[in-house]
Amino acid sequence: MAEQRIATLSLDGKSYELPVMSPTAGPDVLDIRKLYGQADVFTYDPGFTSTASCDSTITYIDGDKGELLYRGYPIEQLAEKSHHLEAAYLLLYGELPTETQMNDFERTVTRHTMVHEQMHNFFRGFRRDAHPMATMVGVVGAMSAFYHDSTDISDPRQREIAAFRLIAKLPTIAAMAYKYSIGQPFVYPRNDLDYASNFLHMCFAVPAEEYKVEPALAKAMDRIFLLHADHEQNASTSTVRLAGSSGANPFACIAAGIACLWGPAHGGANQACLEMLREIGTVDRIPEFIEKAKDKNSGFRLMGFGHRVYKNFDPRAKVMKESADEVLELLGVENNPTLQVAKELERIALEDDYFISKKLYPNVDFYSGIILDAMGFPTSMFTPIFALSRTVGWIAQWREMISDPQLKIGRPRQLYVGATQRDYVDVGQR
Ligand code: CMC
């Protein structure tokens, strides 16, 4: 057995031993769990730039290499050879399924795609012009009211059913949020269609005429789902884990994850990115926006660029760029001006010292919006699509946490810099 490595911290003439934990891949981790008890100090790391919040076996990112692995399998291989529900099985159970396991899994997910009929009434309580993400946060949170029989987290069977319900119903809920926002009737799921085709059908079919899903578009949709399925301890996943650490039910936890994902620094970037590309409009305006992004006082950032972990190409962005070319060619819009602006913006930014020195590369959100737009989705649906894809990862991470016998409530400490104790002053004397 390898000898336990120890780091030593010296403070005020005393030294403290910090065991070094070795991962199967990635940097070593200093175990500071006993530090406060021994030395009466906290560590300080806002934004968690140097903090591992848990151990996990699900997803691995090497940000310097630009590598993303689901349970050890490279994302590029999965994007080429696998599909979203197979990746979901892999993320949830740790191994690729046999044919029988896959068929059973797919059948179970498919059987859960309908939502409780009363949910239709719940949807109708929202303002017609609500952002679909706002509707989704509310509806997914309300799932704990509609599916109360799968909220006992101490029962593994209920946890399993909740997982299936979430993976199966999120596309239905996202599509309903969309239909509601455009004033069209809800379209029920079709269990003869695969996961991605069913989603496209629920979004674009209308009762008045037949809608045939184009298989190549369904494939591109499925790839978008798969590429977004998990990304280790990102902000929304950490939110799901933190919410779940208190024992909250999975529907409440996933609603919390959706709320976190909505922000423009996270999942909201796909909407913000397409809006930015449209605002740039033509290739000649790119330098102006590059300069603005470099100017700290402008408050403007290139959306779809940069990442906390990737200091190289985001491997998902590479696959997404190929997909964008394929989808636009299929739809006969190769000369899409937004795609031209995106490609030129990428080229210019990657030759610019500012972006080179800060290692800012296109991320997953840079090209995804172009594909979704070409498919007919409005920008407001981009983040809901991210949310339904990421649901798989959120659940896998939540399940991993809940089944950990060492589970503790997540409870960070702080560096308090406010007023020290003082006496209350009566209102007339202030
Ligand atoms: N445009 C211009 N400058 C940038 C950008 C950008 N997109 N991203 C980072 N920088 C600069 C930033 O100003 C800072 O400069 P300095 O060191 O001089 O202060 C430096 O690069 C490091 O940035 P940071 O904000 O400290 O890095 P972070 O790891 O906290 O933030 C990020 C990561 C993704 C929030 C950030 O890169 C960003 O805001 N990007 C745009 C939004 C975006 O595309 N988000 C999607 C991320 S991928 C999908 C997902 O997670 O949902």
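Above: the structure in question.
Keep in mind that this is a model prediction, so the values were computed, not measured. (Residues numbered from 1 in each chain as written. Predicted model: local features only at pLDDT ≥ 70, side-chain atom pairs only at ≥ 80, totals over all residues. Heavy atoms only, no water.)

1. Some details on the overall build of the protein chain
Heads up, the condition is: Where helices and strands are cited, they refer to DSSP runs of H or I of at least four residues and of E of at least two residues respectively, numbered from the N terminus. Here the radius of gyration uses the C-alpha set of atoms, whereas the globule reference equals 2.2 Å times the residue count to the power 0.38. When a residue's accessible area, from a 1.4 Å probe over protein chains only, is under 20% of the maximum for its type it is buried; when over 50% it is exposed; and in between it is partly exposed. Two residues form a contact once any of their heavy atoms are found within 4.5 Å. Using a 1.4 Å probe, the Shrake-Rupley method yields the accessible areas, and only the shown protein chains count as cover for residues.
Of the regular secondary structure elements, the protein chain holds 18 helices and six strands. In summary, the protein chain has a C-alpha radius of gyration of 23 Å against a globular reference of 22 Å for 430 residues, a match within 12%. Taken over the C-alpha atoms alone, the protein chain extends approximately 80 × 70 × 55 Å along its principal axes. Counting every position in the protein chain, which comprises 430 residues, the buried fraction comes to 48%. Put simply, 70% of the contacts in the protein chain that link residues at least 6 apart link residues at least 24 apart. For the protein chain, the computed accessible surface area is about 22100 Å², with 51% contributed by carbon and sulfur atoms.

2. Thoughts on the pattern of salt bridges
Here is the rule: By definition here, a salt bridge exists when the distance from a side-chain nitrogen of Lys or Arg to a carboxyl oxygen of Asp or Glu is within 4 Å.
In this structure the tally under the stated criterion is 19 salt bridges. Glu 160 is the salt-bridge partner of Arg 399, the closest N and O atoms lying 2.9 Å from each other. Of this pair, Arg 399 sits in helix 18 (residues 382-402) while Glu 160 is found in helix 7 (residues 156-182), placing the two residues 239 residues apart along the sequence. Pair check on accessibility: Arg 399 and Glu 160 agree, each one buried. With a closest N to O distance of 2.7 Å, Arg 278 and Asp 373 form a salt bridge. In this pair, Arg 278 is assigned in helix 12 (residues 269-280) and Asp 373 in helix 17 (residues 365-375), connecting sequence segments 95 residues apart. Classification of Arg 278 by relative accessible area gives partly exposed; the value is 43%.

3. Remarks on the packing of aromatic side chains
Defined as follows: Two aromatic rings, drawn from Phe, Tyr or Trp (for Trp, its six-membered ring), form a pair once their centres lie within 6.5 Å of each other, and the interplanar angle then sorts them: stacked below 30 degrees, edge-to-face above 60, tilted otherwise. Whether a charge lies above a ring is judged from NZ of Lys or CZ of Arg, which has to be within 6 Å of the ring centre and within 35 degrees of the ring normal.
As enumerated under the stated definition, the model contains 21 aromatic pairs in all. Between Phe 199 and Phe 377, the aromatic rings sit 5.9 Å apart at their centres with planes inclined by 15°, giving stacked as the arrangement. Of the two residues, Phe 199 is situated in helix 8 (residues 195-204) and Phe 377 in the loop between helix 17 and helix 18; the sequence distance between them amounts to 178 residues. Phe 377 carries the same exposure label as Phe 199, and that label is buried. The structure contains a cluster of three or more aromatic residues connected by ring pairs, namely Tyr 178, Tyr 195, Phe 199, Phe 204, Tyr 211, Phe 225 and Phe 377. One Lys or Arg, Arg 128, reaches over the ring of Tyr 180 and ends 4.3 Å from the middle of that ring. One Lys or Arg, Lys 292, reaches over the ring of Phe 300 and ends 4.7 Å from the middle of that ring.

4. Quick word on unusual backbone geometry
A positive phi angle, close to 50°, is found at Asp 12, a residue other than glycine. Take Asp 12: it is sitting in the loop between strand 1 (6-11) and strand 2 (14-21). When its relative accessible area of 76% is taken as the criterion, Asp 12 is described as exposed. In the Ramachandran plot, Arg 71 falls in the positive-phi region, its phi being about 50° despite a non-glycine side chain. Relative to the helices and strands, Arg 71 is located in the loop between strand 5 (67-70) and strand 6 (73-74).

5. Describing the environment of Thr 135
You can see Thr 135 is positioned in helix 6 (residues 132-146). Its relative accessible area of 2% is what places Thr 135 among the buried residues. Each C-alpha atom, one on Thr 135 and one on Thr 237, is 20 Å from the other, the two residues being 102 residues apart in sequence. Not counting the four nearest positions on each side in its chain, Thr 135 is found in contact with Phe 123, Phe 126, Ala 130 and Ala 177.

6. A closer look at the sheet that holds strand 6
This is how the line gets drawn: Whether two strands pair depends on DSSP finding at least two bridges between them.
In spatial order, the strands read 4-5-6; together these three strands make up an open sheet with antiparallel pairing. Each end of this open sheet is capped by a strand with a single partner; those strands are strand 4 (59-62) and strand 6.

7. Section: the sheet that holds strand 2
Taking strand neighbours across the sheet as the criterion, the three strands line up as 1-2-3 in an open arrangement whose pairing is antiparallel. Each of the sheet's edge strands pairs with one partner strand only, and the pair in question is strand 1 and strand 3 (29-30).

8. A word on helix 11 (residues 250-261)
Worth spelling out the cut-off: Multiply 1.5 Å by the residue count of a helix minus one, and that product is the helix's expected span. Nitrogen and oxygen atoms within 3.5 Å of one another constitute a polar contact, given that in protein one can donate a hydrogen and the other can accept it, and given that sequence-neighbouring residues count only through two side-chain atoms.
For helix 11, which comprises twelve residues, the first-to-last C-alpha distance of 16 Å matches the rise-based estimate of 16 Å (1.5 Å per residue) to within 8%. Residues of helix 11 that are buried: Pro 250, Phe 251, Cys 253, Ile 254, Ala 255, Gly 257, Ile 258 and Leu 261. Lining the buried residues of helix 11 we find helix 6, helix 7, helix 10 (235-245) and helix 18. For helix 11, the N-terminal capping position is held by Asn 249, with its side-chain oxygen 2.9 Å away from the main-chain nitrogen of Phe 251.

9. Section: the pairing of strand 5
In the case of a regular strand, side chains alternate between the two sheet surfaces. Bridge count between strand 4 and strand 5: four bridges; the pairing is antiparallel. When the sheet's bridge partners are listed, Ile 61 is paired in strand 5 with Leu 68. Linking strand 4 back to strand 5 in an antiparallel pair, the connection comprises four residues, with Gly 66 at a positive phi of about 75°. Where strand 5 folds back on strand 6, the antiparallel hairpin that results is connected by two residues, among which Arg 71 adopts a positive phi of roughly 50°.

10. Here's the deal with the site of the ligand
Selection rule: Nearness here has a simple test: a residue counts as near a molecule or strand if at least one of its heavy atoms is within 4 Å of that partner. In the scheme used here, Gly and all other residues not listed as nonpolar or charged are polar, with Ala, Val, Leu, Ile, Met, Phe, Trp, Tyr, Cys and Pro taken as nonpolar and Asp, Glu, Lys and Arg as charged.
The full set close to the ligand counts 22 residues, and His 266, Leu 302, Gly 304, Arg 308 and Lys 358 are the nearest of them. At 3.2 Å, a side-chain N or O of Lys 296 approaches an oxygen atom of the ligand. In this structure, Asn 363 approaches the ligand through a side-chain N or O atom, which is 2.9 Å from an oxygen atom. Each residue belonging to the shell around the ligand can be placed in one class, and the counts come to eleven nonpolar, six polar and five charged.

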